[in-house]
Amino acid sequence: MKNILNKEVLNYLNANLTSDLHSLLLKKSPFAEVSMQEIVQQIKGKKVAQKKFPYLLKDGIIFPPNLNLEQASSQATAEFKALHLKGKSFVDLTCGFGIDAYFLSQNFEEVTLVEQNSELSEIVKHNWKILDRNANFIIENLENFLKQNKEKFDLIYLDPARRDEHKNKKFLLEDLSPNLLEIQDQLLNISDQIIIKLSPLIDISYLISALKNIAEIQIIAVRNEVKELLIFMHSKKDKEHTTISCFNLESEEHSFSFNFEDEKSAISEFSEPLQYLYIPNNAVLKSGGFNSISEKFNLKKLHPNSHFYTSDELIETFPGRVLKVEIIDSKQIKKGEKFNIISKNYPLTPDEIKKKYKIKDGGNDYLIFTQTQKNKIILRTV
């Protein structure tokens, strides 16, 4: 690992950041002590860091294999997690490449990082030294650490492995590593606050029925792509209420929160399209708070299955897109015109619509193909 830090090697890495990596792999390494595979891996790491975690673009930082880079959180989501969290002691039970740990640990005096992969732990230890950040590094699997641990922590964080030995994705809590159902009592015994990062594909109702003491579930999207679910477990949680919070980072959209239990009794009214069409962002759509958002913003739905909302008033705090629209007849669509096409709860896909009406993708205007409770409709932005 240390040979990669030689000045000549670092200069070679920086000089080849834009080189074709496949071509590089076919060349012989110019360094006897560093293989071309190792060189290419570091270049890959720097390329990933440029977009995903730019704070690591420093000389002397070492990057791990691809799988660890893929599984690591982005800087944007890690910084967001760290907001409003502070205390004396913090432990990350599944440190990995340490992106979340780096930001979560900022406002804690004592930091413990548990990682069973010794090579990965050494890389993180080295990088944290470069970044002037201290921690207690423990090379151990989570289950053994919990058996031996006698300490209490102000905050526990963990990101369970979501793939089996064949690299297949897993979503049920008992199939994750560690098995959250088996260790949740242990976690609640050594901390009042536990944060668990999970796949955005996992079902929220299932989580609330399977895990204890969930105070909040945060759904985090970045530029409208849902990246992760964060589970906040509290030992003194009010059993009657679980807050679902939706965030769309790197956008100007407002957050949206509702009580999971209240969604069951919330009611949506329906209407034909009014002046404004409201399209919730993907974090809200993942939340399932379809009636809660209707009630909170006093909006009417077009159809039970469309999740499009409408109003005669412009509500600028809505968490999603707001379009001023009018209903048009299909005969008003002219051949060769450019539109951004949205099709929801409609029999044709955007590609099929483009082909049928001989229109092109792009421009500033939208065509929305959907249906109300009465019939299928086409909306155009005005």
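Higher on the page you've got the structure.
Residues numbered from 1 in each chain as written. Predicted model: local features only at pLDDT ≥ 70, side-chain atom pairs only at ≥ 80, totals over all residues. Heavy atoms only, no water.

**A closer look at the pairing of strand β16 (residues 376-381)**
Okay, so step 1: For β16, the buried fraction is high: five of the six residues fall into the buried class.
Okay, so step 2: Relative to β16, strand β15 (residues 360-371) runs antiparallel, the two being bridged by five bridges. Note on β16: the bridge partner recorded for Gln-371 is Lys-376.
Okay, so step 3: Here β15 folds back onto β16, and the loop between the two strands holds four residues. (Buried < 20%, exposed > 50% of the residue type's maximum accessible area, 1.4 Å probe, protein only. Helix = DSSP H or I, 4+ residues; strand = E, 2+ residues; numbered from the N terminus. Pairing = 2+ DSSP bridges.)

**Regarding the sheet that holds strand β5 (residues 193-198)**
Okay, so step 1: The mixed open sheet is built from nine strands, whose spatial order is β3-β2-β1-β4-β5-β7-β6-β8-β9. Of all the strands in the sheet, just β3 (136-138) and β9 (256-259) have a single pairing partner and so form its edges. For this sheet, the mean angle separating the axes of adjacent strands, direction not counted, is 15 degrees.
Okay, so step 2: Seen against the sheet, helix α7 (residues 118-130) touches β2 (108-114) and β3 and runs at an angle of roughly 170 degrees to β3.
Okay, so step 3: Helix α9 (residues 180-190) rests against β4 (155-158), β5 and β7 (225-234) of the sheet, and its axis sits at about 160 degrees to β4. (Axes fitted to C-alpha atoms, helices over the stretch in contact; angles between N-to-C directions. Contact = heavy atoms within 4.5 Å.)

**With respect to the pairing of β5**
Okay, so step 1: Most of β5 is tucked away, with six of its six residues classed as buried.
Okay, so step 2: Residues Gln-193, Ile-195 and Lys-197 point to one face of β5 and Ile-194, Ile-196 and Leu-198 to the other, with burial holding for every one of them.
Okay, so step 3: Pairing analysis gives three bridges linking β4 to β5, with the strands arranged parallel. Each residue of the ladder has a partner; that of Tyr-157, found in β5, is Ile-195.

**Brief notes about the environment of Glu-252**
Okay, so step 1: As for its placement among the helices and strands, Glu-252 is situated in the loop between β8 (243-249) and β9.
Okay, so step 2: Separated by 65 residues in sequence, Glu-252 and Thr-317 place their C-alpha atoms 9.6 Å apart.

**Side note on the nonpolar core**
Okay, so step 1: Ranked by internal contacts, the top residues of the largest apolar core, which has 51 residues, are Phe-53, Leu-56, Phe-90, Phe-97 and Ile-99.
Okay, so step 2: If near-sequence neighbours (up to four positions away) are discounted, Phe-90 is found in contact with Ala-101, Leu-104, Ser-105, Phe-108, Glu-110, Val-111, Thr-112, Leu-113, Phe-153, Leu-155 and Tyr-157.
Okay, so step 3: Of all hydrophobic cores here, the second largest spans 47 residues; its members include Ile-183, Leu-198, Leu-211 and Ile-217. (Core = buried A, V, L, I, M, F, W, Y, C linked by side-chain atoms within 4.5 Å.)

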